[in-house]
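Coordinate inspection notes
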Amino acid sequence: MKQHLSRRQFLSLTSKSALAPVAGRFLVPASLATSGALSSASSLLAQEATIELWWGSGFLDIEDYFNANVIDPFEAANPGVDLEFSWDVDEELERKIPIAMQAGAGPDIFMGNGPSHIQAVAREGWLVELDEYAEQYGWEEKFQTWALDTCRVNGKLYCLPNSVNQTCLFYNASLFQDMGWAVPTTRAEIETVAQEAADRGIIPFAGGTSDCPLCVNWLVSIAFNHYAGPDAVHEALTGARSFSDSLFVEATELLNSWMQQGWIAGGAAQFFATTFSTVHDQLVKREAAMSMEGTWFIPWVSSLFAETDDDWNWVPNPSLREEVQYPVIPLGSGNTLSITTQSENADIAADFLNSYYPDTATIGQRIADHSSFFIAPVNFQEGDFPAELDGRVSKFFDLLADGNLGYSPWSFWPARTHSYLYEEVQKVFTGDLSPADYCAGMAAVFDEELAAGAVPPVFGRG
């Protein structure tokens, strides 16, 4: 069944799939719009302290804007507090956090690669429970319920969702126009474009994981959500269907067939060796026609195409099976913010986290300034988005309201199952593991985590 939300309904999803009607797109009820819970207020703590933050930049040059709009205002409002930011790419943070915490050298605040990654860190006892802060600052009202729920482990809140995103299909719009290709919405249509591109020596799908091996999870998310479908994924995540089911095996077989044909990056060897910068260059230079990535790519693709005569666009990935209704929007929170138990200034750290999510109009302006970097799952109000917001960004919010919502692994898979998902699928691409055995292995790991109560809350289907 399609989970449809009209443009006059707010995306207010819980694990029980409650929907709250409001007067606008992606909005909060008027009764909350003026509440103190939505105001930006730094506590002006009269205390000298240094707060160390490990932050992911995602390869985006964001530091100058971040300093001017986030760091400097907080330090000015809190004399004596010094924010020390350490910028790194997300994959490096993922490796460094466990090592640093074990050595007693962790930061006060760090950015995680989505709720699935946070679970393991929380279960090690390295994260501060945030429930009291959530009550103090009104985070239950500020954040969308589905997103905040993904940050809970055993009912306790251990992070704040720092982004909302979806996997999608980017394409060189000028190349499509010159070739006479229609933007695909079905498997037949996308395979037709892929074959015609390959016949002309153009890589159908730019791709590569040299910079970020775990990022292969994007492809599995697309295969599962767009072939098996969100209903089947929901059933699997709630234990009603096994990940060894034929739908997931067939989805993996289809993905692998595209890899073996060389449609993705030119083949498995090239896929594992290709950097993000090469992926982006290929799309801009017409060496590739499309890229299956996510809305987080918007800042880069916009900047890159600005230096060319070509233009770009994106759409939801096509439905890969007739029974799956288009468009599917695999919803996820791409990164999270947590306070570590090694922090000696947890109250100040929490005050900073609250200041990072100010009034929604300020967040709307940040989104306009730097595309998808600041898209947070907060309860936006009517008029929060400025007129200059790129239509290719605002389209994302339209689709959240009207799409068939799916489930991204980095938000809804339990930690060990998610690690299996992206580590073992690489063996499928190299021919060392069959799709059926891959899915059976995923099912076995997931069943253990389901029995242990380790699966994040999953919103319902409507």
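Higher on the page you've got the structure.
Parameters and conventions
Residues numbered from 1 in each chain as written. Predicted model: local features only at pLDDT ≥ 70, side-chain atom pairs only at ≥ 80, totals over all residues. Heavy atoms only, no water. Helix = DSSP H or I, 4+ residues; strand = E, 2+ residues; numbered from the N terminus. Buried < 20%, exposed > 50% of the residue type's maximum accessible area, 1.4 Å probe, protein only. Contact = heavy atoms within 4.5 Å. Areas by Shrake-Rupley, 256 points an atom, 1.4 Å probe, with all protein chains shown as cover. Pairing = 2+ DSSP bridges. Disulfide = S-S within 2.5 Å. Salt bridge = Lys/Arg side-chain N within 4 Å of Asp/Glu carboxyl O. Phe/Tyr/Trp six-rings, centres within 6.5 Å; stacked < 30°, edge-to-face > 60°. Lys NZ or Arg CZ within 6 Å of the ring centre and 35° of its normal. Expected span 1.5 Å × (residues − 1). Polar contact = N/O pair within 3.5 Å; in protein donor to acceptor, adjacent residues only side chain to side chain.

Okay, the overall build of the protein chain next. Scanning the protein chain from terminus to terminus reveals 21 helices and 15 strands. In the protein chain, which comprises 462 residues, the share counted as buried stands at 61%. Intrachain contacts of the protein chain at a sequence separation of at least 6 include 77% that bridge at least 24 residues. Total accessible area on the protein chain stands at roughly 16900 Å², and carbon and sulfur atoms take up 47% of it.

This part takes up the pairing of strand β14 (residues 336-339). The side-chain alternation of β14 yields two buried faces, one formed by Thr336 and Ser338 and the other by Leu337 and Ile339. In this structure, strand β5 (residues 109-112) lies alongside β14, joined through 4 bridges in antiparallel fashion. When the sheet's bridge partners are listed, Met111 is paired in β14 with Leu337. Both strand β8 (residues 160-161) and β14 contribute to a ladder of 2 bridges, which runs antiparallel. The residue bridging Leu160 from the neighbouring strand is Leu337, located in β14.

Where two cysteines share a covalent bond between their sulfur atoms, that bond is called a disulfide. Under the definition given, this model contains 2 disulfides. For Cys151, the disulfide goes to Cys159, at an S-S distance of 2.2 Å. Taking the torsion about the S-S bond as the criterion, the Cys151 to Cys159 disulfide, at about -100°, is left-handed. Judged by relative accessible area, Cys159 falls into the buried class, the value being 0%. Cys212 shares a disulfide with Cys215; S-S distance 2.1 Å. On the sign convention where negative means left-handed, the S-S torsion of about 70° between Cys212 and Cys215 marks this disulfide as right-handed. On the basis of relative accessible area, Cys215 is assigned to the buried category, the value being 9%. Bonded cysteines in the protein chain are paired 1-2, 3-4 when counted in the order they occur along the chain.

Okay, the side chain of Ser333 next. One can find Ser333 in the loop between β13 (328-332) and β14. Judged by its relative accessible area of 0%, Ser333 is buried.

Here the focus is the sheet that holds β14. With respect to topology, 5 strands assemble into an open sheet ordered β4-β3-β5-β14-β8, the strand pairing being mixed. Where the open sheet ends on each side, the last strands, each with one partner, are β4 (81-88) and β8.

Three or four residues apart is the spacing at which side chains of an α-helix point the same way, because the helix has 3.6 residues per turn. Where helix α15 (residues 298-305) is concerned, the buried positions are Ile298, Pro299, Trp300, Val301 and Phe305. Next to the buried residues of α15 lie β9 (165-172), α14 (276-284), β11 (288-294), β12 (312-315) and α18 (391-402).

Okay, the environment of Trp55 next. Looking at the element boundaries, Trp55 is found in strand β3 (residues 49-56). The spatial distance from the C-alpha of Trp55 to the C-alpha of Trp87 is 5.1 Å, given a sequence separation of 32 residues.

What follows deals with the pattern of salt bridges. Enumeration according to the criterion identifies 14 salt bridges in this entry. Arg461 is the salt-bridge partner of Asp231, the closest N and O atoms lying 2.7 Å from each other. Note that Asp231 is positioned in helix α11 (residues 230-237) and Arg461 in the segment after α21 (435-451), a separation of 230 residues in sequence. Residue Asp231 is classed as partly exposed on the basis of its relative accessible area of 26%.

Further remarks concern the packing of aromatic side chains. Given two aromatic rings, their pairing is described by the distance between the two centres and the angle made by the two planes. Scanning the entire structure with this criterion turns up 36 aromatic pairs. Centre to centre, the rings of Tyr420 and Tyr438 are 5.6 Å apart; their planes meet at 15°, and the pair counts as stacked. Residue Tyr420 is found in helix α20 (residues 415-429), and its partner Tyr438 is found in helix α21; the two are separated by 18 residues along the sequence. On the basis of relative accessibility, which here comes to 13%, the residue Tyr420 falls in the buried class. For Tyr438, a relative accessible area of 0% translates into the label buried. In textbook terms, an aromatic cluster arises when at least three aromatic residues are bridged by ring pairs, as seen for Trp55, Phe66, Phe74, Phe85, Trp87, Phe143, Phe352, Tyr356 and Tyr357. Directly above the aromatic system of Tyr356 lies the positively charged group of Arg366, at a separation of 5.8 Å from the ring centroid. The cationic tip of Lys395 hangs over the ring face of Trp314; the distance from NZ or CZ to the ring centre is 4.6 Å.

What follows is about α18. The terminal C-alpha atoms of α18, which comprises 12 residues, lie 16 Å apart, in line with the 16 Å expected from a rise of 1.5 Å per residue. Among the 12 residues in α18, 10 count as buried, and that is most of the element. Residues of α18 that are buried: Arg392, Val393, Ser394, Phe396, Phe397, Asp398, Leu399, Leu400, Ala401 and Asp402. Tucked into the core, α18 has its buried residues touching β9, α15, β12, β13, α17 (360-369) and β15 (404-407). Two or three places before Arg392, at the start of α18, stands the capping residue Asp390, its side-chain oxygen 2.8 Å from that residue's backbone nitrogen.

Here Tyr326 and Pro327 are connected by a cis peptide whose omega angle stands at 0°. On the secondary structure map, Pro327 appears in the loop between β12 and β13. Positioned with a positive phi, Ala265 is a non-glycine residue whose angle comes to about 65°. Summarising the element assignment, Ala265 is placed in the loop between α12 (246-260) and α13 (268-273). Even without glycine at this site, Arg286 takes up a positive phi of about 65°. In this fold, Arg286 is placed in the loop between α14 and β11. Note on Arg286: relative accessible area 28%, which makes it partly exposed.

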